Amino acid sequence: KELEKYVTFVRSSKDAKTGDFEREKKTLLWCIQNGCEEAQPGVWSGCWYFTFLYGEKEGKRAWLETRNQRLVKESGGRAREVAANEYRQMLQQKEKGKRAFFRGQYKTSLDFYIKAEELLGGDVSGIYLVPYQRAEMVTILSNQAECCLRLKKYEDAILQATKALQLDRRHSKSLLRRAKATMDQLKESELSSAAVGSATEDLEAIIEMKAEGSDEAQRLLQEIQAC
């Protein structure tokens, strides 16, 4: 009965008289079957409407977030599991990214890792995934951070490493990559004491965990302390 309920559907075409987007009544089931999500209370539309409301980047994230929340709710609160076919494709893209990275083709590698991320639903979907798929998302985002480091895109490296750490705050490779990106920025321009403090915290966390990369973290920490 819930799926038979009528809601307002926003079309991408505009009314010639008012200039507003056309609206009509559709069932909830129709909206879901046609890739729509609830953009506002009782108002459903496609991803395009979310980007219209919130901008290109934030709109896509909002659409994905809304979709994930609905799917988890519909499954009784259980984590999502990406279908086997998409998961296999993700692993293939991830392997291609790994091979390109070892050939020194960092931009190509990054592109493959981005495709792998998309096959898992995008970084905003990570928190909703079953544990083994969430772990893959962490690895993919962290590998993107490493590619960005090699490409000297330090802001992007920090961003991707942070996304990985939002899913696994003890992921030592992401902690190290974020700290290295921050320090590389420091070499090119003056950073705030807060940024230096953040890098220090990341490195100290790695050393405290005695995780992979502890020796490098210790060396980098000594560099910071020497500045």
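What comes next is a walk through the structure. (Residues numbered from 1 in each chain as written. Predicted model: local features only at pLDDT ≥ 70, side-chain atom pairs only at ≥ 80, totals over all residues. Heavy atoms only, no water.)

**Section: the pattern of salt bridges**
Step number 1: For the coordinates displayed, the defined rule picks out 16 salt bridges.
Step number 2: For Glu-24, the salt bridge is made with Arg-11, and the minimal N-O distance between the two is 2.7 Å. Of the two residues, Glu-24 is situated in strand S2 (residues 21–27) and Arg-11 in strand S1 (residues 6–14); the sequence distance between them amounts to 13 residues.
Step number 3: For Glu-24, a relative accessible area of 26% puts it in the partly exposed group.
Step number 4: Salt-bridge contacts for Glu-24 lead to Lys-26; the nearest nitrogen and oxygen are separated by 3.6 Å.
Step number 5: Salt bridges here are not isolated pairs; linked through shared partners, they connect Arg-11, Glu-22, Glu-24 and Lys-26. (Salt bridge = Lys/Arg side-chain N within 4 Å of Asp/Glu carboxyl O. Helix = DSSP H or I, 4+ residues; strand = E, 2+ residues; numbered from the N terminus. Buried < 20%, exposed > 50% of the residue type's maximum accessible area, 1.4 Å probe, protein only.)

**Some details on the packing of helix H4 (residues 84–102) against helix H5 (residues 106–119)**
Step number 1: In the contact formed by H4 and H5, the axes pass within 8 Å of each other and the chain directions differ by 165°. Here H4 is positioned roughly antiparallel relative to H5, judged by the angle of their axes. The two elements H4 and H5 meet at a crossing, and its hand is left-handed. Contacts between H4 and H5 involve Glu-86, Gln-89, Met-90, Gln-93, Lys-94, Lys-96, Gly-97, Lys-98, Ala-100 and Phe-101 from the first element and Tyr-106, Thr-108, Ser-109, Phe-112, Tyr-113, Lys-115, Ala-116 and Leu-119 from the second.
Step number 2: Along the lines of polarity and charge, the residues of the contact of H4 with H5 split into eight nonpolar, five polar and five charged. (Axes fitted to C-alpha atoms, helices over the stretch in contact; angles between N-to-C directions. Parallel < 35°, antiparallel > 145°, perpendicular 65-115°, else oblique. Left-handed = near helix turned anticlockwise from the far one by under 90°. Contact = heavy atoms within 4.5 Å. Nonpolar A, V, L, I, M, F, W, Y, C, P; charged D, E, K, R; others polar.)

**Thoughts on the packing of aromatic side chains**
How two aromatic rings sit relative to each other is given by the distance of their centres and the angle of their planes.
Step number 1: Evaluated as defined, the whole model comprises nine aromatic pairs.
Step number 2: With a centroid separation of 6.3 Å and 90° between ring planes, the pair formed by Phe-21 and Tyr-49 is classed as edge-to-face. Residue Phe-21 is found in strand S2, and its partner Tyr-49 is found in helix H2 (residues 47–54); the two are separated by 28 residues along the sequence.
Step number 3: Taken together through their ring pairs, the aromatic side chains of Phe-21, Trp-48, Tyr-49 and Phe-52 make up a single cluster.
Step number 4: Stacked on the ring of Phe-21, the Lys or Arg Lys-14 has its end atom at 5.0 Å from the ring centre.
Step number 5: Positioned above the aromatic ring of Trp-30 is the side chain of Lys-26, whose terminal nitrogen or guanidinium carbon lies 4.5 Å from the ring centre. (Phe/Tyr/Trp six-rings, centres within 6.5 Å; stacked < 30°, edge-to-face > 60°. Lys NZ or Arg CZ within 6 Å of the ring centre and 35° of its normal.)

**A look at the side chain of Gln-144**
Step number 1: Among the structural elements, Gln-144 can be located in helix H6 (residues 131–150).
Step number 2: With relative accessibility at 2%, the residue Gln-144 sits in the buried group.
Step number 3: Side chain to side chain, Gln-144 and Gln-160 meet in a polar contact 2.6 Å long.
Step number 4: Beyond its immediate stretch of four places on either side in the chain, Gln-144 contacts Leu-110, Tyr-113, Ile-114, Glu-117 and Gln-160. (Polar contact = N/O pair within 3.5 Å; in protein donor to acceptor, adjacent residues only side chain to side chain.)

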